[in-house]
Structure formats: structure tokens, C-alpha cells
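# Coordinate analysis (summary)
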Number of protein chains: 4
Amino acid sequence: MDFSPSPRAAELTAAVREFIDAHIAPVESDIHADIARRRLSGQDPWAVDPRVGELQALAREQGLWNLFLPAGHEGPYAERYGTRGGTGLSNTDYAPVAEEMGRSFLAPLVFNCNAPDTGNMEVLLKYGSQEQKDRWLDPLLAGEIRSAFLMTEPAVASSDASNMAATARIEGDEVVLDGRKWWSTGVGHPDCRVGIFMGVSDPDAHRYLRHSMVLVPMDAPGVTVERMLTAQGVHDEPLGHGEVTLTGVRLPVTNIIAGPGRAAEIAQGRLGPGRIHHCMRLIGLAEMALDLACRRASERVAFGKPIVNLGGNRERLAGARIAIDQARLLVQHAAWKLDTEGQAAVEVSAIKAAVPKMAQEVIDMSLQLHGGGGMSDDFPLAGAYATARSLRLADGPDEVHLAVVARAMLAPYRDAAAARTTADAGADR
Amino acid sequence: MDFSPSPRAAELTAAVREFIDAHIAPVESDIHADIARRRLSGQDPWAVDPRVGELQALAREQGLWNLFLPAGHEGPYAERYGTRGGTGLSNTDYAPVAEEMGRSFLAPLVFNCNAPDTGNMEVLLKYGSQEQKDRWLDPLLAGEIRSAFLMTEPAVASSDASNMAATARIEGDEVVLDGRKWWSTGVGHPDCRVGIFMGVSDPDAHRYLRHSMVLVPMDAPGVTVERMLTAQGVHDEPLGHGEVTLTGVRLPVTNIIAGPGRAAEIAQGRLGPGRIHHCMRLIGLAEMALDLACRRASERVAFGKPIVNLGGNRERLAGARIAIDQARLLVQHAAWKLDTEGQAAVEVSAIKAAVPKMAQEVIDMSLQLHGGGGMSDDFPLAGAYATARSLRLADGPDEVHLAVVARAMLAPYRDAAAARTTADAGADR
Amino acid sequence: MDFSPSPRAAELTAAVREFIDAHIAPVESDIHADIARRRLSGQDPWAVDPRVGELQALAREQGLWNLFLPAGHEGPYAERYGTRGGTGLSNTDYAPVAEEMGRSFLAPLVFNCNAPDTGNMEVLLKYGSQEQKDRWLDPLLAGEIRSAFLMTEPAVASSDASNMAATARIEGDEVVLDGRKWWSTGVGHPDCRVGIFMGVSDPDAHRYLRHSMVLVPMDAPGVTVERMLTAQGVHDEPLGHGEVTLTGVRLPVTNIIAGPGRAAEIAQGRLGPGRIHHCMRLIGLAEMALDLACRRASERVAFGKPIVNLGGNRERLAGARIAIDQARLLVQHAAWKLDTEGQAAVEVSAIKAAVPKMAQEVIDMSLQLHGGGGMSDDFPLAGAYATARSLRLADGPDEVHLAVVARAMLAPYRDAAAARTTADAGADR
Amino acid sequence: MDFSPSPRAAELTAAVREFIDAHIAPVESDIHADIARRRLSGQDPWAVDPRVGELQALAREQGLWNLFLPAGHEGPYAERYGTRGGTGLSNTDYAPVAEEMGRSFLAPLVFNCNAPDTGNMEVLLKYGSQEQKDRWLDPLLAGEIRSAFLMTEPAVASSDASNMAATARIEGDEVVLDGRKWWSTGVGHPDCRVGIFMGVSDPDAHRYLRHSMVLVPMDAPGVTVERMLTAQGVHDEPLGHGEVTLTGVRLPVTNIIAGPGRAAEIAQGRLGPGRIHHCMRLIGLAEMALDLACRRASERVAFGKPIVNLGGNRERLAGARIAIDQARLLVQHAAWKLDTEGQAAVEVSAIKAAVPKMAQEVIDMSLQLHGGGGMSDDFPLAGAYATARSLRLADGPDEVHLAVVARAMLAPYRDAAAARTTADAGADR
């Protein structure tokens, strides 16, 4: 048992931290304020801030680029697109790097490591045809375009995939997409060129073979971004979350990823690492909130004392410290299990149920310590809160993940109970 | 002991409910959507929607107007400004009426019963000179103008009033205001004409006699609305929360309410009923969220069942039902104590510590049951959440109110412990 | 709306408090210590302490006797058995009296107001034949004998009454009882002479008509007290909780209460007031724990301060204060509803789900403030904890009561959802 | 980063598990029932059950003996007293072994790895003179005698060591002990021969040099075991917790460990590993409770379903699963830090604040799922609960450990705030 990071993980974590401190932190709040200013004055808040592009160029130059690329699946891409070291990282090694990025809203984008692009790139890497890779993966890895994932639907409880209503009918050489999707992150960005759409291609197939994933150019006829959503008041520029309709969108069948009926299989593979990334970034976000809380509580004075010395504040801060540390270890363990055993579905559900809730609570505590300022945009806490809160729903609500954990842990007992019942029935005869 | 409302309370509660159902509910979400549309398209989101004025006229016509006026303090105003029955209501009787209004964001304004106008009107009613009443109270009661309360400051922990840095220096016949205030609710409204400003007038006086309250016209030279704040992303039109600077604002000393040094005394009187109103409206807001949760959970289907039948959802709904009912009773009891004993400071602190937190939790639970929709503006839950969350800070954070409760409950024990120590010391001699 | 107790309730509450302070409190801990001493030294801990009988005689003399008798159901008994005022109390009026008794473990027994005797007496009062009343009710009201309630079974989940396995077969003029019951409170007392046994009398009847209640003398052949149970280590003398087997116990059919098949109906009537009593006593118990906490925290010194001034202790005490006050109001409201509307099943389930949990948490908090002493028997906290904890299971576990609340609150939504579905189906045609 | 146990840890964990399953589990509940039977029938519940001695002999034979011995500090003892492998284990390697033992109340004693003997043996190992080792350490390692730790006092808040009132006055060649101690675990065992007593030896010294630790034979004149305490009703045989008075106990100064004034230093060293052991055993205890919960909930049926399928039960089980896993990782990390960096005081405080509370909650949840049975002694849950609950107080209450965590995390902020204030003051000049 060894809790120290590998040398490469340690080196990259430090490099990312230094990059953020040196280059992102000094401009980040100004970039966000600028977006807010544009939004309130009727200018386009989605227009790309040139400073982001400059930061991306610098990150790529330093090899702090596409660090999410999974070891063993990155082919020649890590080298070609500038990942420092020229090879991908294990989930275990990427975890602390992702945490570091999570302290800043902008950092994941700057390092080309943001959701949903990372998940989409992984899908292309693992399941895409060479043609699909050439057309979409290369520019995504280069940061020239961005992408979206079109899965969740407004009209049904999307926590149950069998509810999905959108269709991807195959008609000869073509696949025809129809449906309404929302919470499609990334469609607000002007460079968003492609979405991965999920729909029913064969309603009569086994429920794991019913759906297909299709690459859909965002400018294809019939694709409409109906509106950008707010998440607890937050627009989340520069990526944003969109509601998108697809009406009779006709595409060549070659746009289907890995062939018809394989969406469930792909989704399974996509979501494991993606959820680990989300959770590690949330750990970073919670650390950021706790750091602000400690600072604020040490500096502000009320009733003659720094507020850290009032009431239960110290206990709350210590509780947050412990909660974050526990959560980090749980995520690191899941990442390590995924690396060493090749799958960790139950462990990933466990972190997905535990970490966003923990982050929500830590951020809320920090917000409370900041008083009115915490509610406002003067601190990144309201935004952080919305991010954490969203992730109690995105990629499956807490309750669904708890159910996965429960099913796994109860399986042996259910079998034993069944065996006993059978034996009893036998004894009765 | 009798838990039934008085006939007048029952009648007014029913009337308010019917008015909301018949007149406000059908347009409310459209009014909010319109504001959002204007905000996103660069138009003025603060411009008054004419439908609100029409609703106000209708409410006043029906006597559902100024119902907040406190029995025994309303003078001829209740009759003159159309309160049904012509007299004010006790806190006990107003409580269920306020709860009813709390189910809608717009209703308090429609019935001229919204914060901070109600608190400001009460201050003028109880402490204002005839001249002050004629100039400001009459148009406020008529709903012709709106008002703000300028108390909280960004630079200090405002939970401790002795931190207040703004000044109200008296120079001969004039009082000169300087300072920076924020979370001044109402300044976003175009009709906001007057603020009640609180500042230090005599830094050397006893700490209860140090501050004064001054009526400041919002168009007085030196008054600047620096910006409108968001509260967890919510702009809260049509009233909004502003940051306001006052720089050398010169006003006649007759603008001081009740004379110099009486701000603490006035604040004490203002905040009791105001906090009860806030809490009762939050009860209504929580009921609204619970109603939506029950509906959603009964209609949406996942894994073959209405989601109300999945996991712990029923327990969560029942828990919310119980939490709301307990909170309502605690508020009603505080209102009754204030009516019957003339003061209930500890009880008011207790509800202020308990109710916003309860509302936050119930709304968050409902939001979770709504999935992505709950995060968006398609449901009033994100807005309700921000309202409840804000009130864990506004009018004193939870922690300050818990400290008030603790101090009161511990006083007899502290005295007993002190007596024992003295006796011991005596015995030692 | 009026939160003041009636004059009679106020008078009796004060009288009970004074009696406890003057007569019970001075000997209570010594009586418990004596029981513990006997238990540890191999003497009979169940032998009756003569001081209890003296206290009972004094209570009866002062008319503080059988105060639980329900107004309108007490017949001539209130007068005959010395209830002060000569008539029974409403649930609303009895509530504060029961709370007062709940501050002491011994008081309910001293005032002849302890479970399960009160419930059993109510059953006899409302459903007993004259013969049954003469034989059992009179001596119970006189405090000459005690009783038990034989319902819960070890072999099945007794939260679901349809699981009950014990039988009460009717054979001609006789009823034959067989089964194993546990958590039969009261069977440890040497004066326990009669139990009310519940068993299946007609397995084929509708599930509400399947069971009967039968008066069973504890010395009837076939009745065996197998052992006395501990509840979290607590033996709960002088009443205790027993495990009892009944093997072919033959009794005349006239021992059936109200006739065969009426157990469910009787249980329903028995449990409402009984649960209110339990909850009110728990409010008193929680008050006792909070009182001890305040005292201890004000007196003990650590790190140079009374521990009340360390960390979050004040917030915890204030939180307990608020939690108790909310719970009390909820119970009082349920009692009032039962009095004014004749039934309050959902409200009673709500308090049964909320109050024991609240009491458990308050007592645990107090215990923590007492350090090691709190764990020991030097303070009544470990005992209080076991009492509160048991009541999260006794008379239905929390979860069952939450389910009752949920079912009631969701009924209108379910019906609406059903109506909508039907309408949709219609529209589809 | 590597979460797999070392081969030796894996081997010993498996061996301990098999030993418990094969030898301890089959007799454990009978041994406890026997103790209870003796206690209730006036026989001596503290008499040693010969089966325990036989199990100890077998464990020693298999080298599953004194596994707690710390690597690098065990001298020749590991080999001499039969520790498998002949050398001590690191904290990291011992952690999973201790967890395994924690699943059984008896196992720690059987493997000679129980508190407080382990801590006392470590003190002797690290600080004892050769004479002290020969007299006390050898028989302790052989399991021939047992020991106690006399630190906590009933009259003061012992969470603050500076409150300690007991004295160890040095008079020439002798040290004289006076004081009253309680929660001295182990003194109930007939083989308890020696205690480590802590008292003030120099009241005027610096507070870290004020106390001494003295080896006191339990049969020394002036030592009286006043009584055995119950912890939430639990007597905790065969070790128990005693209250002990020491009145003018005269011992040679050579009984002082490591010389006068070194108690604080020794306590610091003793408590780190001891707390890790406690926490790891609690992890095992929580696992035991969760295992019982899963089994019970899968087997018991109510309302037509296994109760695991009712309400929020699955979510509660999954939540417990996650809570235990997080806690285990936190403890393992603290153990690893202690091994690799030589100290981990803050990490140890973090686990001490987090783990007992987690265990308390998991056990309480399991108890609730067991209904009345959970409260009784038919399941080990009431006992497990008392153990976990006690450890929220023993070795420092939660609140003290949270304060340690807070102080450490806030130190850099406090310094920064101080620096800023100084700089501001400089700027003002």
C-alpha cells in the first residue's frame, strides 16, 4: 500500500498548478466578469475571449495538453498533439492532475481536458473508424473544434435509459435522427462543430442493443439549438448547456459509431473515466471553496474575533477538510481499481453518489461563511455550487448510483436467501 | 389551546389563495419568462410589466392590499388604503395570509406586502414624523412608489452591527451620508424613490445609541446604484438587490427617523415582524416546492414505476411534509407570542435560524426529483432555492440567531454556575 | 389560534411538576441505584421498592392519578379513582401533563399513567364488557395490579401486522392461544396479572377482521415468561420487557375483547392516544436531557472556559432547543386534531416518525457533553437514550410511519395522475 | 499509488479471518450469553471463561499473537512471543489485520491485541527500563497478566489534560499516588495486575513537563477498584471499565516510566498507533453490522417484500457501504503517513473524529433494520453501538480532535492574516 503519486503524476500536477497560478488565475475572474458584462449589456456572452486561445496555445506548447488521454488507448495521438511525455496517463496518474484543474473553471478548457470533449474524444479513440478519427478526433485533439453529447431528454426521466424517445432510424445508407435533447454541454461555444447523438435504432432489440451513437455535425440541416439553459441561474459560458432539437436529420450510416446498436456498450466505457474526471475536478473545486473559507474566516472580524473563532465554524472547517480527504481517497481508489482490474463500475457509482454531494455541502458551508458576498458573483462560490449541484443529476442522479451500489452489495445475500428458501421448501416436502 | 385560524384570517387566506389562482398564477411564469427574454436580448429587464400594475389595482379594489399593516399601529391607513376590514391584522392572523403569498414570487408585490417595503412602511408608521409619513408613507401604501433598506455593507461582517462603517454625520441642520451598502433589495425597481439608510451618527455614544436611520431620496446627489447583484445567479427582478454608494449626500436633519441615535431601537422593532413575514412566506415557498415534487414524482416514470415509488423518495417527501408542518407551527407560535406578550425576540431568532434552512432543504429535495428540469428556469425551483438560501444570510445569518437562542437559554444556568462559584469561594474562606 | 393551555391543564401540569420535584426527584436516583445494586449482587431487581407504593398512594390522594383517562370515555371511573376534577382530560389538556411526567422515569408509574397500562385501560374502558371491566379495569385503575400487551413477535417483521403468527383459535366456548411474543412491557413487575394478547382467530377473514384480542391472566396454564429483554443494555425495571410463550392456553371466549375479529379496530383506537402520550413523554425526556446539558456545559471547564463556550456547543444547544419546541408543537397539534376531529391517524404517524428521532439526537448530544459520565449510569442519559431509541421501533418503526404520511399526502396526486392517464388514453382513441 | 496490501498483510489478514471463522465465531455468542447468565443469576460475570485461554494458546501457537508489535520497536520480543514472521508489522500492514479482529468482540483479546494492553506494552517497549520490561512487559506479551491505563478522571473535563487533578508526588526514593480515575479499561479482568497511572508530579513545571506515568501494581496498598462502570448499559466483560481510587499509594521512584515529567511525551507516542488500532477495529465492527443488516434485510419479509426493497433501505445500505469504504481509506492513509513520515498527529485526529461517528451511524442503521431484536442482546448490535459510541469520547472527544484538525489547517491563514495586519499597520505609519 502506497499513497504517494508516481513521479510523472507529481510532476504534471505541479506543472498544472504552476501554470494555473502563473497564467490562468491572474485573468480568470476578469474573463468571467467580462462575460457577465457582455451578457447584461446585450452583447454576445458566447463570443470567444481571445485570451483563452492564447492560454491554450501556451498550454499546448508546454505539453500540458490532452493529459486526459488514457494510457494504452492514445495511439500516436499523445505524441502528435503534444501531451508531455508523449504517452497517455493511467486514471490513477491523471486523478491528481484533474483535481488541480478543478480548482479553476477555465483550466479544463485551457488544457483541452474539459467535459464533454474528453469523453467524446475517448469514444472516437476507442470506437471511431479511421475516417471518423480523421475528420473529428484530430481537430478535437488540436483544440480547433469543440463537441457536444446529445443524450438527456426533457420529456422523460432520463435516469432510466430505456425511457429514451429520440430515434436514429436506419434507412438504407442513411440514418435519420429525430428527437429533443437537453443539457447538451458545449453547444454554446462557437467552435462546437459536432455532437454525439444517442437514439433508438432498433426498438425491438434487447435493451442493451437498442440504441446507436451517431456523429452529427452541428450545422446539419434539421439540427436546431433551441436555447441555452441556466443551471441554478448559471449560464456556464463559454461552453454552456443547450436544448437541441433534431428533426429528420439525414446522415450517412458511416456516421454511426462502431455500428448500429452499440450505444450502450460505448456509453458504459465512456462514463467510467468521465465520472472519475468529474469527481476529481469536484475535489479540486471543493478545495478551492475550502481555501476561500479558511481565508475569509481568518480575516473577517465580528464580535471582536476573526469569525473562524465564532460558534461552530472551526468544526465545520475541520469537517470539510475530512470530508474532502475521504472523498479524494475514494476517487483515487476507484481510479486505481479501474486501472488494475479493467473495470470498476460499482466503485465509480459510489464516488458519483458521494462526491458531488460532498462538494455541494462544502461549497455551501464556504458560501455561508462569505455572507452576502458568497451569494454574489464576487466570489466563485455561487458558480461552484451550481457546478456541484448539477453533478448530483448529470451522468445519473445520486439515487441511481446508490441503487447500483446496493444491488452489487446485496447480490450475495439475495442468492443466499434464495438458496435458503429453496432448501426450506425442500425440507417441507 | 386552539389551532384554528380566526374567521378573518381564514377568510383572507382563502381570498388571497383564490386571487393568486385566478389572476396571478396564469400569468406569473410568462412574466418571469419575459423578464428573462429581455435580459438575454439586451433589453431592460427592470422595466415594469404593465400586467403587474393591473394585478395591483385589482388586489387593491378587492381590499387584498396592505394586509401586513399591524393591528393597533395602522392608524387611519388601513381604511384609507383599502385593507379589507379597514383595520390591521395581528401577526397571528397575518401569518397564514403571508404563507399563501409566499407560494408565488410575484404575489407579495401584487398585494403590496413585499419586503422591504412592508418593513419600511412599518418604520414610518411607528416612528415617522407626520411630514415623513405624508411624503413617503402615503405613496408607499398606495403602491405608487417603492423603497429600499440600506444597511448591509460589503467591506465588513455585517452580522455584527458594531462593524458598520457608513456614517451619518450631523452638521447643523444637515445630515451627511457616506458609505457603501449592498443587498439593498428593491433598488432595481424603476419606482424605487426612497431608501432608509443606517449609519453611524455618534461614534462615541453607547453602542445602542450610535446609529441613526435617515430617509434618503434615491435621486439625491451623491447616491449611486453601482450595480445590481445576483444571488446564486438570480437577479430577482422586478425588485432586485443593489449595491449603492453614498458620497457626501446632504439632507435636512428632519430626514432622520425619530431623531439621532435611535436606529438600533427602530431596527429591533422593524425586524421582529419582518422576520416572521419572511419565514411565513418561506413556508409557502416550501409548500410550493413540495407540491411540485409530489406532482412530478407521481407522474414521471422510470424503471417501470412512478418515481415516487423508487428508493427513498416517499420517505423524503414525508420528511419534508413533517419539516414544513413543524416549521409552520413554530412560526405561528412566535407570531402569537409577539401578539400576546409584545415581544418575542428569542422566538423570532429561533424561526429565523430554522425556517430558511428547512426551506432550502425541501426545495433542494424537490429540485433533485425534477432532474435537469429542476436546475433550469422551466420550474420555479432554482429561483426558490436562491430565495431560501439568501435568507440564511439576510437579516442575520443562521449562526447569529442560534447564538441569540443559546444566550437566552443559558442565562439561568450561567447565573446558577456563577452563584455556585461565589458560594464555593465563600466556603473556602 | 391560541397557544395557551387551558386553566385545568395549566393547574395539573404545575401540580405534577411540583409533586415530582418534591417527592419523586429526591428519591428517584436512589431507587434506580438500588435496583442496579440488587441486579449486580444477585438479588431480585424486580422486587417492588416500597417507596414507589408510598408515592403512588400520595399521588392518588392528591388526585394526580389516572390523569390519562380520556374525557368522555371515563364513565364514573375518573371520580371513583381519584382523578382531580373528577372527569377525564382531552388529549390537548393531557399533553403538557404527560410531558411533565416524561422528565422522570418513575413518574408515569407513580401517577398510574404509564404504558402499557394506560393503553390497556383505555381498551377495557372503550371495548370491555362489564365483567371484564369489573375484573381487570377496576384493579388497574386502583393501581393494585399491572398489565402487559402481547403483540410483537420475534420470528416475523411485526411492523406488518399481517405477518402475525400467533393464534387465538375459537373452539366452542373456549379460545386457545398459541404463540411467542416479545417486547411485552410490564411483565417484569410482580403485580403484572393480565395481558392483552393479539392473535389470528380467523385466517380466512378479511385482513382487518382476522385477529382478536384476548385477556389472558398471566398465571394461566401455558403462559411462560421466557426471559426479560434488555434494550440497549437497559433492563428497564420495575416494568421491564418480556418474552412470553403461550402454549395451548385455554380461556373462555368471554375473555375476547369486543368479540372475535375486532383486534385491528381496537388497535387503531388504542394506538392513537398512546402514541401521543409516548411522544409527549419523550418531549419531557428530551427537555430533561437538554437541562442537564445546559447545566453541565455551564459548569465544566476545559481549556480555560466553561465548555458551553467551546466549538459548536452553543449552536448544538440552540438547535436542540428549537428541535424540541418544534416537536412539542407538532404533538400538541396532533392531540388537538384528535380531540376536535375525532381522528388524526396521519398526524399521529408524523409525530411518531419525528419525535423519537428528535429525542434520540438531543439525548445523544447531551450525553456527548457529559463525557464518560454520560455513558455511565451516573446520569440518566444512557437510560433516556435507550428509551428514545426503543420508541423508533416500538409501536411501529419510523419507516412505517413515514410511509403512512407519504401515502396520505400523495393520494390526491396519484388520483390526478391516474385521471390524466385515463384522459390521455381517451384522447388517443 | 498502490492500494493493494503487502503479501505479509494479506497473509495475516486471511489467517486472522480464518481463525475467527473457525475457532472464535462458533463459541463467541455462547461465551457472551454465559457471562450474561452469570451476571443475571448473581454469579461472578468476571470469572475467566476457560475457552478464552484455550483460544489464546491456539492463537499463540499459530503465531497470530502480538501482531500489534510495531516494526522496529519490537526488539527480540516478536520472535520470543510468537509473532508470525518474527518481526513487528508497520501500521500500514497491521491496519487490515486489526480491522479483521474488530469484527469480533473477543478476537482482540484472543490474539493479545486488545486495548489497553497493546498501548501499555508499546509504552513499556519504547520507554520502559529493563527492570520494568522484565517485570511487566514479558508477562503481558505472554498473555499471563493484563493491564489498565489510569488517566481519565470523573471530577474534571479530562479532554483537557491540564485539568488533571491526580498527583504523583515524589518524596525521596518514593512516589506517592493520590487521585480518582475512571474508565480504566481492563480492571474487571481477574488477571489485571498492573496499571499505568498518570498524575501531576510537578505542578509548577511547563504544562508538557508537569505529569508523570507510574507503574502501579493493582494490589498495592491504597489502590481500590470502587466499581465497574456500564457504558450505555454494557458491562463489557471480560475486561470492563473501572473506577479506581488511589490513596497514598507509595511506590519506588523506579516505577516511574522514563523518569519524572515525561508523561505528555509518552502519551503522545502511545496514542497515535492506539487510535489507529481503535479506528481499524471500528471499521471491522461497522462491517459486521452492515453484514448483519444486509442479511436481515434480505431475509425478513414485510408487506410482501424482503425489507431491503422497502422505502429507503437500499439507499441506507449503499450509504453505509460508501461511508465505511471512505473511512477505511482515511485510516489506511493515516497509518501509511505515520509509517512513512514518523508522525501523523493531525491525520490521526481526523480519523478519530470521523470513524467512531461513522461506525455509530452504521450500527444504528443496522439496529433499526433488526427491529426489536436489534435492541436486545440476541444480536451484537447494542454492544457494538456502545463500543462505537464510547469511542466518540474515549481517547479525546470528537470535538477536541476536530479542533486539532482545524488548528492545523488554519495555521497558514492565521499567519497570512497576521502578516497582512502588520503590513497594514506599517502602511498606516
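Bear in mind that the values here come from a model prediction, so they are computed numbers and not experimental data.

The next thing to look at is the overall build of chain A. Scanning chain A from terminus to terminus reveals 13 helices and nine strands. Taking 22 Å as the expected radius of gyration for a compact globule of 429 residues, we find that chain A reaches 23 Å, a close match to that expectation. For chain A, the spread of C-alpha atoms along the three principal axes comes to 75 × 70 × 45 Å. For chain A, buried positions account for 59% of its 429 residues. Taking contacts inside chain A between residues at least 6 apart in sequence as the whole, the part at least 24 apart equals 72%.

Attention now goes to the relation of the copies chain A and chain D. When chain A is fitted to chain D, the residual RMSD is 0.0 Å, and the transformation amounts to a turn of 180 degrees plus an axial shift of 0.0 Å. These values place the two chain copies in the arrangement generated by a two-fold rotation axis.

Now for the domain arrangement of chain A. Residues and elements named next belong to chain A. Parsing chain A into structural domains produces domain 1 (7–144), domain 2 (147–259) and domain 3 (264–413). Here domain 1 and domain 3 have C-alpha centroids that lie 22 Å from each other. On the side of domain 3, 25 residues touch domain 1, which itself brings 22 residues to the contact. Those elements giving two or more residues to the side of domain 1 that touches domain 3 turn out to be helix 4 (91–102) and helix 6 (117–127). For the side of domain 1 that touches domain 3, the element with the most residues is helix 4, which contributes eight residues.

Our next topic: the interface of chain A and chain D. Interfaces are often sized by the accessible area lost when the parts come together. Each side of the interface is counted separately: chain A has 41 residues, and chain D has 41 residues. Among the elements of the structure, helix 8 (263–299), helix 9 (313–341), helix 10 (345–369) and helix 13 (398–428) of chain A are those that each provide at least two residues to the side of chain A that touches chain D. In terms of residue count, helix 9 of chain A provides more of the side of chain A that touches chain D than any other element does, 15 residues in total. Tallied by class, the residues present in the side of chain A that touches chain D amount to 24 nonpolar, eight polar and nine charged.

Residue and element names in this part refer to chain C. Relative to strand 3 (residues 174–185), strand 2 (residues 167–171) runs antiparallel, the two being bridged by five bridges. Following the sheet pairing, Ile-170 is matched in strand 3 by Val-175. Linking strand 2 back to strand 3 in an antiparallel pair, the connection comprises two residues, with Gly-172 at a positive phi of about 65 degrees.

Here the two chain copies are tied together by a rotation about an axis and a shift along that axis. With an RMSD of 0.0 Å, chain B superimposes on chain C once it is rotated by 180 degrees and translated 0.0 Å along the axis. Both copies contact each other with a shared surface, as 100% of the interface residues of chain B are interface residues in chain C too.

Another aspect to go through is helix 10 (residues 345–369) of chain C. Residues and elements named next belong to chain C. Look at helix 10: 37 Å from first C-alpha to last across 25 residues, which is about the 36 Å you get at 1.5 Å a residue. For helix 10, a buried count of 21 out of 25 residues is recorded, marking the element as mostly surrounded by other parts of the structure. Gly-371 sits one or two residues past helix 10 and shows a positive phi near 60 degrees.

This part is about the packing of helix 8 (residues 263–299) of chain C against helix 10 of chain C. Residues and elements named next belong to chain C. Close contact between helix 8 and helix 10 brings their axes to 9 Å; oriented N to C, the two are set at 20 degrees. The orientation of helix 8 relative to helix 10 falls into the category roughly parallel. Where helix 8 crosses over helix 10, the two elements pack in a sense that is left-handed. Residue composition of the contact of helix 8 with helix 10, grouped by class: 22 nonpolar, two polar and three charged.

Our next topic: helix 4 (residues 91–102) of chain D. All names here are of chain D. Counted at 1.5 Å a residue, the expected span for helix 4 with its twelve residues is 16 Å, and the 16 Å between its end C-alpha atoms agrees. Along helix 4, twelve of the twelve residues are buried, which leaves the element largely enclosed by surrounding structure. Those residues of helix 4 that fall on the buried side of the exposure criterion are Asn-91, Thr-92, Asp-93, Tyr-94, Ala-95, Pro-96, Val-97, Ala-98, Glu-99, Glu-100, Met-101 and Gly-102. Those residues of helix 4 that are buried are in contact with helix 1 (7–40), helix 5 (107–110), helix 8 (263–299) and helix 9 (313–341).

Before going further, it helps to spend a moment on the UniProt feature "domain: Acyl-CoA dehydrogenase/oxidase N-terminal" (unreviewed entry) in chain A. UniProt feature "domain: Acyl-CoA dehydrogenase/oxidase N-terminal" (unreviewed entry): in the numbering of this structure it lies at residues 10–144 of chain A. Structurally, residues 10–144 of chain A is divided into 64% helix and 0% strand, and its ends, taken at the C-alpha atoms, are 29 Å apart.

Residues and elements named next belong to chain A. Here Thr-87 is to be found in the loop between helix 3 (77–80) and helix 4. Thr-87 sits in the partly exposed class, given 13 other C-beta atoms within 10 Å. Along the backbone, Thr-87 and Leu-67 are 20 residues apart, and their C-alpha atoms lie at a distance of 8.9 Å.

At the junction of the two partners, chain B supplies 41 residues and chain C supplies 41 residues. Listing elements by their share of the side of chain B that touches chain C, those giving two or more residues are helix 8 (263–299), helix 9 (313–341), helix 10 (345–369) and helix 13 (398–428) of chain B. A total of 15 residues in the side of chain B that touches chain C trace back to one element, the largest contributor, which is helix 9 of chain B. Looking at the side of chain B that touches chain C, its residues break down into 24 nonpolar, eight polar and nine charged.

The rules behind these values
- Residues numbered from 1 in each chain as written.
- Chains lettered and ligands numbered in written order.
- Predicted model: local features only at pLDDT ≥ 70, side-chain atom pairs only at ≥ 80, totals over all residues.
- Helix = DSSP H or I, 4+ residues; strand = E, 2+ residues; numbered from the N terminus.
- Rg over C-alpha atoms; globule rule 2.2 N^0.38 Å.
- Buried ≥ 20, exposed ≤ 12 C-beta atoms within 10 Å, placed from the backbone.
- Contact = placed C-beta atoms within 7 Å.
- Least-squares fit on C-alpha atoms with pLDDT ≥ 70 in both.
- Domains from an automatic or database assignment.
- Nonpolar A, V, L, I, M, F, W, Y, C, P; charged D, E, K, R; others polar.
- Pairing = 2+ DSSP bridges.
- Expected span 1.5 Å × (residues − 1).
- Axes fitted to C-alpha atoms, helices over the stretch in contact; angles between N-to-C directions.
- Parallel < 35°, antiparallel > 145°, perpendicular 65-115°, else oblique.
- Left-handed = near helix turned anticlockwise from the far one by under 90°.
- UniProt positions renumbered as here; feature names shortened; annotations may be inferred.

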